[in-house]
Amino acid sequence: MKFSIDRIMLFCVVNIVLCLFASCAQETKIVLQKHKTITRKINPSESTEPLSLKDFSVDSICSLVLPDSLKILETTKVTVKDDKIYLMDSKYARCVYVFNSSGNYLYKLGSRGRARYEYIGGPIDFFVDKDNSVHVFDREGGKVVVFDKKGLVSHVAHADSYKPYCFGLTSNKRYMFSTIHDLHDNNGNASLILCDYTFRNVQRLLPFKNIQTSAPLDQSFFANEDKLSFIPFFSDSVLVFQKDTLSKVVKFDFGGQFIMDEIPEMATSEYSPIELGSKVSEYNGVLMLMSYQENEDMTLLHYIYNHTIYFWLYNHHTKRIVNTDKLFEGVNIGRHYWLKGKQLITVLSSEEVDYYKEYLKQRKDLIKQSSPIYKDIINGEIKAPFVLYISIK
């Protein structure tokens, strides 16, 4: 799937520079917790066949009903838990919407403003804990706003001087965050930090040595069941935590086609920002791991190869691996997928459906190869925006 990577390239260049400054700091004694390492080999230049119609089924489509004053333009995260659908648009609406399981709008979580309980910049990420409280991270405000299961503010946690860049929540309700700033204290400069919900009782988990230990993307933490996974910036590895303990590191071996394998000098300060930016934008190998999700049934990795989003899907039961830029035979609706049990979940806005309609006017052959329900989507029989639930067999 081709897409614009200007935003990602900008993030990369800016954070490379920030991390290079930080790499000049003195070495610390921060080390990773004891863990096992699992290596997954991927040849990105050899794609597999996508999932055929017999390998998956569209379980259901849930149209989302919004008040006339609200609109979903781009979904940056969706979580389905118990009887609610949580949907975040951090780029345009800058809020988190909550729907019931039928798609009816319930409320939105917070709004922008200058009050203590309001977002200064808007939500960057959110997590739903075991009690159905929602922890929403406002990076610009340097705080986490916690909402109870009725959507009311129950707590606001300020990060003070830590300046978290990305945020995660462990299954035992501790905060984990990455930072790209020097902490300016005597306890070591760390890029990955664990703390309680008041940002106290701090543990430093990962040393800040070079650009491979930072995180430029808004979302670098991914929660599934009792696991919380973290992808360090420009790293080929994923740190997987159970509760607040590092259980394993999953290393992806791309056979030398990973940017830090082919351009290792990026970890030094010998290049100017312009030179670094040029190298990143011209690189056609595996640029980065975008997201990693794992549960008892499947593992799903999104990564960028040759300026294209690729999907690596591993079915734990059948042992089948799919590695391709198109997950499904025929029409591939949705750019991002979220993992829930044996299902993949994606969300489409009205604008995205209109895009597919225009595209498929020229590719009627794809419609014939696709699940029948996709024809209803393209014909306008299913109202957007909607949540699409796809089961993997």
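Residues numbered from 1 in each chain as written. Predicted model: local features only at pLDDT ≥ 70, side-chain atom pairs only at ≥ 80, totals over all residues. Heavy atoms only, no water.

Undergrad: Quick one: what's the story with the overall build of the chain, residue by residue and with numbers?
TA: When helices and strands are tallied, the chain shows six helices and 25 strands. Long-range contacts, defined as pairs at least 24 residues apart, comprise 56% of the intrachain contacts of the chain with a sequence gap of at least 6. Approximately 17,500 Å² of the chain is accessible, and the part contributed by carbon and sulfur atoms is 48%. (Helix = DSSP H or I, 4+ residues; strand = E, 2+ residues; numbered from the N terminus. Contact = heavy atoms within 4.5 Å. Areas by Shrake-Rupley, 256 points an atom, 1.4 Å probe, with all protein chains shown as cover.)

Undergrad: With reference to specific residues and values, describe the pairing of strand β5 (residues 95–100).
TA: Moving residue by residue along a regular strand, the side chains alternate between the two faces of the sheet. Among the six residues that make up β5, five are buried, leaving the element largely enclosed by the rest of the structure. Here strand β4 (residues 84–89) pairs with β5 via six bridges, running antiparallel. Along β5, the bridge assignment pairs Lys84 with Asn100. Adjacent in sequence and paired antiparallel, β4 and β5 are bridged by five residues, among which Arg94 carries a positive phi angle near 55 degrees. In this sheet, strand β6 (residues 105–109) lies alongside β5 in antiparallel orientation, the contact comprising four bridges. If you follow Val96 over to β6, its bridge partner there is Leu109. Linking β5 back to β6 in an antiparallel pair, the connection comprises four residues, with Gly103 at a positive phi of about 95 degrees. (Buried < 20%, exposed > 50% of the residue type's maximum accessible area, 1.4 Å probe, protein only. Pairing = 2+ DSSP bridges.)

Undergrad: Let's hear about the nonpolar core: which residues, and what values?
TA: By size, the foremost hydrophobic cluster in this structure holds 61 residues, and its most contacted members are Phe252, Ile259, Tyr303, Phe328 and Leu344. One finds Val144, Met176, Ile180 and Ile193 within the second-largest nonpolar core, a separate group that totals 31 residues. (Core = buried A, V, L, I, M, F, W, Y, C linked by side-chain atoms within 4.5 Å.)

Undergrad: Got a sec to walk through the packing of aromatic side chains? Specific residues and values, please.
TA: The description of an aromatic ring pair rests on the distance of the ring centres and on the angle between the ring planes. One pass over the structure, following the stated rule, counts 25 aromatic pairs. Ring centres of Phe252 and Phe254 lie 6.4 Å apart, and the angle between their planes is 25 degrees; this geometry places the pair in the stacked category. Phe252 sits in the buried class, given a relative accessible area of 1%. Plain terms: the ring middles of Tyr355 and Tyr356 are 5.4 Å apart, the flat faces sit at 70 degrees to each other, and that makes the pair edge-to-face. Looking at Lys77, its charged tip hangs above the ring of Phe126, at a distance of 5.0 Å from the centre. Directly above the ring of Tyr165 sits Arg139, whose terminal nitrogen or CZ lies 3.8 Å from the centroid. (Phe/Tyr/Trp six-rings, centres within 6.5 Å; stacked < 30°, edge-to-face > 60°. Lys NZ or Arg CZ within 6 Å of the ring centre and 35° of its normal.)

Undergrad: Tell me about the sheet that holds β5, and name the residues and values.
TA: With antiparallel pairing, the four strands of this open sheet are ordered in space as β3-β4-β5-β6. Taken across any chain shown, the strands that pair with only one partner, and hence form the sheet edges, are β3 (77–81) and β6. Adjacent strand axes in the sheet meet at a mean angle of 20 degrees, parallel and antiparallel pairs treated alike. Where β3 lies against β4, five bridges are found, and the strand directions are antiparallel. What sits directly across from Val80, in β4, is Ile85. (Axes fitted to C-alpha atoms, helices over the stretch in contact; angles between N-to-C directions.)

Undergrad: Mind laying out the pairing of strand β14 (residues 203–207), listing which residues take part and the relevant values?
TA: For β14, the buried fraction is high: four of the five residues fall into the buried class. Note that strand β13 (residues 190–195) and β14 share four bridges and pair antiparallel. When the bridges of β14 are listed, Leu194 appears paired with Gln203.

Undergrad: An account of the sheet that holds β13 is requested, with residue identities and associated values reported.
TA: Taken in spatial order, the four strands of this open sheet run β11-β12-β13-β14, and their pairing is antiparallel. On the outer flanks of this sheet lie β11 (164–169) and β14, each paired with one strand and no other. Within the sheet, the average angular offset between the axes of one strand and its neighbour, ignoring direction, is 20 degrees. Of the strand pairs in this sheet, β11 and strand β12 (residues 175–179) are connected by five bridges, and their pairing is antiparallel. Bridge pairing in β12 places Phe167 opposite Phe177.

Undergrad: Lay out the environment of Phe147 with the relevant residues and their values.
TA: The residue Phe147 is located in strand β9 (residues 143–147) in this model. Counting along the chain gives 30 residues from Phe147 to Tyr117, while the straight-line C-alpha distance between them is 10.0 Å. In this view, Phe147 contacts Leu109, Gly110, Tyr119, Ser133, Val134, Val136, Leu152, Val153 and Ser154; residues no more than four positions away in its chain are not counted.

Undergrad: Pulling in residues and values, what's your account of the side chain of Asn295?
TA: By the secondary structure assignment, Asn295 is in the loop between β19 (286–294) and β20 (298–305). Overall, Asn295 belongs to the buried group, its relative accessible area being 3%. A distance of 3.0 Å separates the side chain of Asn295 from the backbone oxygen of Gly341, its partner in a polar contact. When near neighbours in sequence (up to four residues on either side) are disregarded, Asn295 contacts Asn224, Glu225, His316, Leu339, Lys340 and Gly341. (Polar contact = N/O pair within 3.5 Å; in protein donor to acceptor, adjacent residues only side chain to side chain.)

Undergrad: Account for helix α4 (residues 350–361), with residues named and values stated.
TA: Between its first and last C-alpha, α4 extends 17 Å over twelve residues, near the 16 Å set by a 1.5 Å rise per residue. Residues Val353, Tyr356 and Leu360 constitute the buried set of α4. For α4, the angular spread of buried residues about the axis comes to 60 degrees, placing them on one side. Opposite its buried face, α4 presents the exposed residues Tyr355 and Lys361, each directed more than 90 degrees away. Residues of α4 that are buried in the fold lie against β24 (343–348), α5 (364–368), α6 (372–378) and β25 (386–392). (Expected span 1.5 Å × (residues − 1). Arc of directions from axis to C-beta.)

Undergrad: Describe the pattern of salt bridges, naming the residues involved and giving the relevant values.
TA: Tallied over the entire structure, the rule returns 16 salt bridges. Residue Lys91 is joined to Glu74 by a salt bridge in which the shortest nitrogen-to-oxygen separation is 3.1 Å. Residue Lys91 is located in the loop between β4 and β5, and its partner Glu74 is located in the loop between β2 (56–63) and β3; the two are separated by 17 residues in the primary sequence. Among the salt bridges present, the one from Asp125 reaches Lys77, with a minimum N-O distance of 2.8 Å. Highlighted residues: Asp125 in strand β7 (residues 125–128) and Lys77 in strand β3, separated in sequence by 48 residues. There is no split in this pair, since Asp125 and Lys77 are both buried. One salt-bridge network, held together by shared partners, links Glu74, Lys91 and Arg335. (Salt bridge = Lys/Arg side-chain N within 4 Å of Asp/Glu carboxyl O.)

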